[in-house]
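# Analysis of the macromolecular model
Letter by letter, the chains look like this.
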Amino acid sequence: MPDAQRHPFLQGLSKHRGAPPTVVVIFGASGDLTARKLIPAVFNLGYDNLLPADFFLVGFGRKPIPDEEFRKIATGAIKEFSRRELNADVWDRIAANTSYVAGGYDERAAFDRLAKHIAALETRIGREVQTLFYISTPPSVFAPILLNLGASGLAARYLGRRHHSKVIIEKPFGRDLISARALNTTIRSVFEEHQVYRIDHYLGKETVQDLLVQRFANAIFEPLWNRNFIDSVQITVAEEVGVGTRGGYYEQSGALRDMIQNHTMQLVALTAMEPPVSLDAEAVRDEKVKVLKSIQPLKIGAGGDVTRAQYAAGMMGGKMVKGYLEEEGIAAQSATETYAAMRLSINNWRWQGVPFYIRSGKRMARRVSEIAIQFKRPPGTLFAESDRFNLAANTLAFQIQPDEGLSLVLNGKVPGLETRMQPVKMNFRYSTTFGSNTPEAYERLVLDAMIGDGTLFIRGDEAETSWALYTPVLEAWATAGREGMGSYAAGSWGPAEAEALLATGKHAWRQP
Ligand code: BG6
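Please read these numbers as outputs of a predicted model, since none were measured by experiment.

## A short note on the overall build of the chain
Within the chain, the secondary structure is distributed over 15 helices and 19 strands. Against the compact-globule benchmark of 24 Å for 512 residues, the chain has a radius of gyration of 24 Å, which places it among compact chains. With the C-alpha coordinates of the chain rotated into their principal frame, the extents come out at 80 × 55 × 45 Å. Put simply, the chain has 512 residues, and 55% of those count as buried. Once local pairs closer than 6 in sequence are excluded, the contacts in the chain between residues at least 24 apart make up 78%. As displayed, the chain has an accessible area near 22400 Å², and 54% of this comes from carbon and sulfur atoms. Here the chain contributes 59 positively and 56 negatively charged side chains, and the mean placements of these two sets differ by 2 Å.

Here's what the structure looks like:
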């Protein structure tokens, strides 16, 4: 069967996940994210027959680019970055509805041109479409774009009663509490909250969604999911990559802003939240906000809850790699952390006394993101720890990436005539059970925004709650400069200070 028949993009809506006719406008159309993630996501949604029959893609950017050239750039992006190979039947149909509008983000007239462009598309098909604005630009132009969407009337388009104009806002969502609040104020001056989709791409990852399924679709976990049975929780988001060519951005950001405040805290929220009353976006996000609000203020300074470090030169994959301070675009005395670790105390009925240890860093030993739930040890009356009894605490680990899956460590008997024990691992791997062609996070997120499902997006109060927790830490670090900055060799599991952070609670980091 030819691909066009197998993936009949033009046959219209998927039965269960149908979006209305849509025009997606990407601000920052010539940017890196557009090429790496957004265009491939649109192509793969088309391949899976999940785009509406009337679907338009409009790139918007400062640089004048003819439509034909933009389509060529998009084709190149799919060839280079899509998880599936370019399929001409699918892409030609999308490309025929792909165009480009050039203009400045603070140029009001450019938004009037965009409005006319969209009106012309509607005239062409003889019906109205919903507009989904994807702001994928540097944060300095978020506000002018939002305000111009308001001024030009583009933010307030209605299609029937349900579907409006919508806006997706890329990270970073502010750089501290004050800037996040200011951004929310600008957004709310133009859009209503239900039109707004703040991206955290970790929420689009299959395994992150699976966390909700595992917790709430299995009866065995809930009775154990509390301070009576759980000793501690460890969340690791480790990367092998360094800052590469992103030094300019990273110097203004650092591990706390880049990874902890957003991605890692989403993992904390989903792990620790109470069961929501439904899977409705508001119900889920209410619970996430509640648990984030229960986190105690972090103690800063010696013996406190936070630690930070920069990578020094080290061996990775048999090669010596540079330290952070030697990287391109990094100040010689930079006080930007490439690693941060925290001990969080969630002061509610379920979690009081259970430390949540979180860490994230670049240039670490291995790329791995996981959530490890460590249960309490069994009483030592029958099998006390000894030479013969190598007892481990039961640990349930959600492997977010790579090698997505779930494992449970149990203690088992080593075969033989005497009773010896050793920890054994039960493994569930996505790739072996389901095959490896998992959708990319951005596919899910673009589709959800088109459909109007905000569950996997950050609500305004959620972003502010997380910033409220971390802003005092950022301020203290800014004042301290390099004082108290730890160091770790590239290719290692992080600084000694992070080991000390756990040692006080008689814990140690896992080696995932
Ligand atoms: C981004 C950060 O949000 O997430 C990057 O800005 C980081 O610094 C990336 O590398 C990690 O995402 P993933 O999906 O590769 O884990």
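Picking up after the structure, the text goes on.
## Comments concerning the site of the ligand
Close to the ligand lie 13 residues, the nearest being Tyr202, Lys205, Glu239, Asp258 and Gln401. Side-chain polar atom of Lys362 to an oxygen atom of the ligand: 2.8 Å apart, as the coordinates give it. When isolated, the ligand has an accessible area of 400 Å², and the protein chains bury 79% of it. Sorting elements by how many residues they give to the shell around the ligand places helix H10 (residues 255–272) first, with three residues. Residues belonging to the shell around the ligand are distributed by class as follows: three nonpolar, three polar and seven charged.

## Considering the packing of helix H2 (residues 32–47) against helix H13 (residues 441–451)
Two elements in contact, H2 and H13, have axes whose closest approach is 8 Å; the angle formed by their N-to-C orientations is 65°. With respect to each other, H2 and H13 are oriented roughly perpendicular. Remark: the crossing between H2 and H13 carries right-handed chirality. From H2, Leu33, Lys37, Leu38, Ala41, Asn44 and Leu45 reach across to H13, where they touch Tyr442, Glu443, Val446, Leu447 and Met450. Taken together, the residues that form the contact of H2 with H13 break down as eight nonpolar, one polar and two charged.

## Brief notes about the sheet that holds strand S4 (residues 130–135)
Ordered in space as S3-S2-S1-S4-S7-S8, the six strands form an open sheet in which the pairing is parallel. What marks the edges here is a single partner per strand, and that holds for strand S3 (98–102) and strand S8 (196–198). Ignoring strand direction, the axes of neighbouring strands in this sheet form an average angle of 20°. Across the sheet, H2 lies against strand S1 (22–27), strand S2 (55–61) and S4, angled at about 170° from S2, the strand it touches most.

## Notes on the side chain of Thr264
Mapped onto the secondary structure, Thr264 falls in helix H10. Accessibility expressed as a relative area gives 0% for Thr264, which makes it buried. Ignoring anything within four residues of it in the chain, the contact list for Thr264 reads Ile235, Val237, Met259, Ile358 and Ser360.

## Section: the sheet that holds strand S10 (residues 306–312)
Strand order in the open sheet made by the nine strands is S18-S17-S16-S15-S9-S14-S13-S10-S19, with mixed pairing throughout. Each edge of the sheet is formed by a strand with only one pairing partner; in this case those strands are strand S18 (420–429) and strand S19 (486–489). Geometrically, the sheet is characterised by an average inter-axis angle of 20° between neighbouring strands, direction not taken into account. Pairing of strand S16 (residues 395–401) with strand S17 (residues 405–414) involves five bridges; the strand directions are antiparallel. By the bridge assignment for S17, Leu396 is matched with Leu408. Set on the sheet, H10 makes contact with strand S9 (230–238), strand S13 (339–345), strand S14 (355–361) and strand S15 (368–375); between it and S14 the angle comes to about 145°.

About the criteria used
Residues numbered from 1 in each chain as written. Predicted model: local features only at pLDDT ≥ 70, side-chain atom pairs only at ≥ 80, totals over all residues. Heavy atoms only, no water. Helix = DSSP H or I, 4+ residues; strand = E, 2+ residues; numbered from the N terminus. Rg over C-alpha atoms; globule rule 2.2 N^0.38 Å. Buried < 20%, exposed > 50% of the residue type's maximum accessible area, 1.4 Å probe, protein only. Contact = heavy atoms within 4.5 Å. Areas by Shrake-Rupley, 256 points an atom, 1.4 Å probe, with all protein chains shown as cover. Lys, Arg positive; Asp, Glu negative; His and termini not counted. Charge placed at Lys NZ, Arg CZ, Asp CG, Glu CD. Near = heavy atom within 4 Å. Polar contact = N/O pair within 3.5 Å; in protein donor to acceptor, adjacent residues only side chain to side chain. Nonpolar A, V, L, I, M, F, W, Y, C, P; charged D, E, K, R; others polar. Axes fitted to C-alpha atoms, helices over the stretch in contact; angles between N-to-C directions. Parallel < 35°, antiparallel > 145°, perpendicular 65-115°, else oblique. Left-handed = near helix turned anticlockwise from the far one by under 90°. Pairing = 2+ DSSP bridges.

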